[in-house]
Amino acid sequence: MAERIIILDFGSQTTQLIARRLRELNVYCEIFPYNKFPEYCDDICGVIFSGSPYSVYDKNAFKPDISNIRNRFPLLGICYGAQLISHVSGGKVEAVGTREYGRANLSTFNSSNDLLRNIRINSQVWMSHGDTITEVPDNFEIIAATVEVPIAAYQIKNEKTWGVQFHPEVFHSEDGIKILENFVEICGCKRNWTPSSFIETTVAELRQKLGKDKVVLGLSGGVDSSVTAVLLHKAIEKNLACIFVDNGLLRKNEFENVLNDCKHLGLNVIGVDAKSKFYTALAGIDNPEQKRKIIGKIFIDVFDEEATKLENVEWLGQGTIYPDIIESLSITGTTIKSHHNVGGLPEYMKLKLVEPLRLLFKDEVRRVGRELGMSENLINRHPFPGPGLGIRILGEITPEKVRILQDADDIYISLLRQYGLYDEVWQACTVLLPVRSVGVMGDERTYENTVALRAVTSTDAMTADWAKLPYDFLAKVSNEIINKVKGVNRVVYDISSKPPATIEWE
């Protein structure tokens, strides 16, 4: 395994951003719950404590024993992490009365300190805390301050331990990436985490792990499962079989298009038309989590039926990626929402799991795909949820609703490509609402369905902002959908960001 920096997660919304920034610096890192420091430590070159929604004085605050980390590895505490280190060392942390949130500037700092080398005077940083460090122990050196925060950063003297009360990982911290890069240099990381090194290492590990065993993979046509398939194919070739299930909740013409794409990649793919099974099981169901579970169960049933036709299969390949893992479990072990790619494999299938992408973010998967020589059309496809249109049809699912949504979404996505906007947004989709409204078409009064258009910009789907698409484009999409999709007479545009909303509606 490559050298790595360990990020201990104390519950911050930006923990994943820390990992993203380190990966951008070609440094391999992993996120662990605050109380689950890895047992194997020989390859660890540094540790970062994340922020947290808690105060160090809260009854439920996360307060692990950090004595086995300090002085053993270079350590950087961010926000709560900085407060925790100071607090357990005898410093004073106090509530500031009003929450310090937003932009600030480093009015003074020690430019000779290793963490702050090449930082600009008055560099903007992002604050987000309700408590602040008001006093540090004698063996702490204050190395940065803002007008409002006299202890914005510190280092423990004669120790490779630092704390910053701001968030260097967010874009608003102008020199934040430089601070993280300085910490990487302090850690002595080789910075050799690249797509080519990932492919070389992963393919070698897959060959060793799988040997001559056979693997079956559930293909979705999205970038995650496609890159997984190509990596496995590169490692074991004919011993990989892919199964692509048409659950009746795919995009328009998706089944045929995916089978054609896979043929070009040289993959062995079995296509299964199972629409009727899914529609029957989903009849009358309108609860989103129940729909997810039904779709997942029927998929597994169909997949298992096809997999048992293959001989001597021992492994199940999945396109699980890092955000799937992170979002499925909180640091307290509580499920946030069920993910198609995380768990869900019934014991009776008795297949071992192989997930080559489980530690990659989405943009890293795309970089690996490019390195593998896959087409841009396949690599740049927008994310598509495992339950498909089942969670973009709010309420009960029927074949007629699927037809309406497929037609509307096809117009939207096609026009995004035609206007050169498809690659400018992270994800775009159409949602069929359980809302009917009055309209006038020709000389007739109508009472038909409403669809919502959704488009967001993002880096890794952990946070997202609504895309500011041109008005003339939105007008064109609305006009085309209303004129060409039977059953729709109103189109609206979703201008919610994540958080507080999610990208998908269900």
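Refer to the structure printed above.
Thresholds applied
Every chain is numbered on its own, with residues counted from 1 as its sequence reads. Totals for whole chains, interfaces and linings use every residue, but because this is a predicted model, local features are given only for residues with pLDDT of at least 70 and side-chain atom pairs only at 80 or more, for both listing and counting. Think of the side-chain values as coming from all heavy atoms in the structure, minus any hydrogens and water. Secondary structure is summarised from DSSP: a helix means a run of H or I of at least four residues, a strand means a run of E of at least two, and numbering begins at the N terminus for each. Remark: exposure states derive from per-residue accessible area (1.4 Å probe, protein chains only) relative to the maximum for the residue type, with buried under 20%, exposed over 50%, and partly exposed in between. In this description, contact between two residues means that some pair of their heavy atoms is separated by no more than 4.5 Å. To measure how exposed things are, a 1.4 Å probe is used in the Shrake-Rupley method; for residues, cover is taken only from the protein chains shown. In summary, the charge assignment counts Lys and Arg as positive and Asp and Glu as negative, without counting His or the chain termini. Every charge is mapped onto a representative atom, which is NZ of Lys, CZ of Arg, CG of Asp or CD of Glu. For our purposes a nonpolar core is just a set of buried Ala, Val, Leu, Ile, Met, Phe, Trp, Tyr and Cys residues, chained together by side-chain atoms within 4.5 Å. Comment: axis = line fitted to C-alpha atoms, over the contacting stretch for helices; angle = value between 0 and 180 degrees taken between N-to-C directions. Note on terminology: angles under 35 degrees are roughly parallel, angles over 145 are roughly antiparallel, angles of 65 to 115 are roughly perpendicular, and the others are oblique. By convention the crossing between two helices is left-handed if the near helix lies anticlockwise of the far one by an angle smaller than a right angle, and right-handed if it lies clockwise. Amino acids outside the nonpolar list (Ala, Val, Leu, Ile, Met, Phe, Trp, Tyr, Cys, Pro) and the charged list (Asp, Glu, Lys, Arg) are all regarded as polar, and Gly is one of them. The arc in question is traced by the directions running from the helix axis to the C-beta atoms. Two kinds of site are reported from a 1 Å grid over the protein atoms alone, namely cavities, where a 1.4 Å probe fits but cannot get out, and pockets, open sets with protein on both sides within 12 Å along at least five of seven lines, and residues are called lining when an atom falls within 4 Å of a point. Grid points are joined across faces, edges and corners, and a volume is the space filled by probe spheres set on the points. By convention in these notes, a salt bridge is any Lys or Arg side-chain nitrogen within 4 Å of a carboxyl oxygen on Asp or Glu. Two N or O atoms count as a polar contact when they lie within 3.5 Å, although within protein this holds only if one can serve as hydrogen donor and the other as acceptor, and sequence-adjacent residues are included solely when both atoms are side-chain atoms. Only strands that DSSP links by at least two bridges are regarded as paired with each other. Orienting the strands away from the viewer, one traces the path from the first strand over the helix to the second; a clockwise path indicates a right-handed crossover.

Participant: Help me out: how do you make sense of the overall build of the protein in this one?
Facilitator: Secondary structure summary: the protein contains 13 helices and 19 strands in total. Per-residue burial over the protein gives 57% buried out of 506 residues. Look at the contacts in the protein between residues 6 or more apart in sequence, and 73% of them connect residues 24 or more apart. Total accessible area computed for the protein in this model is approximately 22600 Å², and 48% of it derives from carbon and sulfur atoms. Taken together, the 57 basic and 66 acidic charged side chains of the protein have centroids lying 2 Å from each other.

Participant: Any chance you could explain the nonpolar core here in plain terms?
Facilitator: Nonpolar side chains in soluble globular proteins tend to end up buried together. Counting residues in each nonpolar core, the largest one holds 49 residues, and the members touching the most others are V216, L249, Y412, L416, L469, F473 and I481. Looking at this core, the element that brings in the most residues is helix 12 (residues 399–418), giving 9 residues. Excluding anything up to four places from it in sequence, L249 contacts Y279, L282, I295, F384, P387, G388, L389, G390, I397 and V402. The next biggest cluster of nonpolar side chains, apart from the first, holds 39 residues, and it includes L22, A144, A153 and F361.

Participant: Any chance you could explain the packing of helix 4 (residues 195–210) against helix 5 (residues 223–236) here in plain terms?
Facilitator: Helix-helix packing: each pair is described by the crossing angle between the helix axes and the interaxial distance. Viewed as axis vectors pointing N to C, helix 4 and helix 5 meet at an angle of 60 degrees, and their least axial separation amounts to 9 Å. Looking at the two axes, helix 4 sits oblique to helix 5. In the crossing of helix 4 with helix 5, the sense of the turn from one axis to the other is right-handed. Contacts between helix 4 and helix 5 pair F198, I199, T202, V203, L206, R207 and L210 from the former with L231, L232, K234, A235 and I236 from the latter. Residues belonging to the contact of helix 4 with helix 5 are distributed by class as follows: 9 nonpolar, 1 polar and 2 charged.

Participant: Any chance you could explain helix 6 (residues 254–264) here in plain terms?
Facilitator: For helix 6, every residue scored as buried is listed here: E254, F255, V258 and C262. Summarising the axial view, the buried residues of helix 6 lie within an arc of 100 degrees, below the 170-degree limit, and thus occupy one face. Away from its buried face by more than 90 degrees, helix 6 exposes K263 and H264. The secondary structure elements touched by the buried residues of helix 6 are strand 11 (214–219), strand 12 (240–246) and strand 13 (269–273). Positive backbone phi, approximately 80 degrees, marks G266, located one or two places after helix 6.

Participant: Please clarify how the layout of surface pockets should be interpreted in this entry.
Facilitator: To find leftover empty space, a probe the size of one water molecule is rolled over the atoms. Volume-wise, the second largest pocket comes out at about 760 Å³. Around the second largest pocket sit 30 residues that line it, and Q13, T14, Y101, W126 and S128 are the ones nearest its centre. The set of elements that each furnish at least two residues to the lining of the second largest pocket consists of helix 1 (15–24), helix 2 (80–88), strand 5 (92–105) and strand 7 (124–135). Each residue belonging to the lining of the second largest pocket can be placed in one class, and the counts come to 10 nonpolar, 16 polar and 4 charged.

Participant: What's the story with the pattern of salt bridges in this structure? I'm lost.
Facilitator: Two side chains carrying opposite charge are able to pair once their charged atoms lie near each other. A full pass over the atoms with the stated rule returns 33 salt bridges. A salt bridge links D43 to R4; its shortest N-O distance comes to 3.0 Å. Placement of D43 in the loop between strand 2 (29–33) and strand 3 (44–49) and of R4 in strand 1 (residues 4–9) is noted, with a sequence separation of 39 residues between them. Each member of the pair D43 and R4 is classed as buried. If you follow the salt bridges from partner to partner, you end up with R20, R21, E24 and D363 in one network.

Participant: Looking at this structure, how should I read empty space enclosed by the protein?
Facilitator: Across all of its chains, the model carries 2 cavities of 30 Å³ or more by this definition. Considered as a void within the structure, the largest cavity measures approximately 70 Å³ in volume. Residue assignment for the lining of the largest cavity shows that the elements contributing at least two residues are helix 4 and helix 10 (362–371). A total of 3 residues in the lining of the largest cavity trace back to one element, the largest contributor, which is helix 10. In terms of lining, the second largest cavity is formed by E3, N26, V27, Y28, C189, K190, R191, N192 and W193. Across the lining of the second largest cavity, the residue classes tally to 4 nonpolar, 2 polar and 3 charged.

Participant: What exactly am I supposed to notice about the environment of S437 here?
Facilitator: Looking at the secondary structure, you find S437 in strand 16 (residues 427–441). Discounting chain neighbours no more than four positions away, the residues touching S437 are T446, Y447, E448, T450, N489 and R490. For S437, the side chain forms a polar contact with the side chain of R490, separated by 2.8 Å.

Participant: Help me out: how do you make sense of the side chain of R366 in this one?
Facilitator: Along the chain, R366 turns up in helix 10. Sequence-distant contacts of R366, defined by excluding residues within four places in its chain, comprise V223, I379, N380, R381, H382, P383 and W426.

Participant: Just to check I follow, could you spell out the sheet that holds strand 1 for this structure?
Facilitator: Hydrogen bonds along the backbone pair up the strands of a sheet, which may run parallel or antiparallel. Reading across the sheet, the 8 strands line up as 2-1-3-4-10-9-8-6 and stay open at both edges, with mixed pairing between neighbours. The open sheet has two edge strands with one neighbour each: strand 2 and strand 6 (108–109). Relative to strand 2, strand 1 is paired through 5 bridges, and the arrangement is parallel. Directly across from D9, in strand 2, lies its bridge partner P33. Its contacts with the sheet put helix 2 on strand 3, strand 4 (75–78), strand 8 (140–145), strand 9 (153–156) and strand 10 (161–164), and the angle it makes with strand 4 is roughly 115 degrees. Contacting strand 1, strand 3, strand 4 and strand 10, helix 3 (residues 176–187) crosses the sheet at an angle of about 145 degrees to strand 3.

Participant: Could you clarify how one ought to interpret the pairing of strand 2 in this entry?
Facilitator: Working note: regular strand, side chains alternate between the two faces of the sheet. For strand 2, the tally of buried residues reaches 4 of 5 residues, placing the bulk of the element in the interior. In this region the chain leaves strand 1, passes through helix 1 and returns to the parallel neighbour strand 2; the handedness of that crossover is right-handed.

Participant: What am I meant to see in the sheet that holds strand 13 here?
Facilitator: In spatial order, the strands read 13-12-11-14-15; together these 5 strands make up an open sheet with parallel pairing. The open sheet terminates on both sides in strands that have one partner only, identified here as strand 13 and strand 15 (352–354). Going across the sheet, the axis of each strand differs from the next one's by a mean of 30 degrees, ignoring polarity. Alignment of strand 14 (residues 313–317) against strand 15, held across 3 bridges, turns out to be parallel. By the bridge assignment, G317 is partnered in strand 15 with V354. The strands touched by helix 5 within the sheet are strand 11, strand 12, strand 14 and strand 15, with strand 11 carrying the most contacts at an inclination of about 165 degrees.

Treat this as a map of the structure, not an account of what it does.
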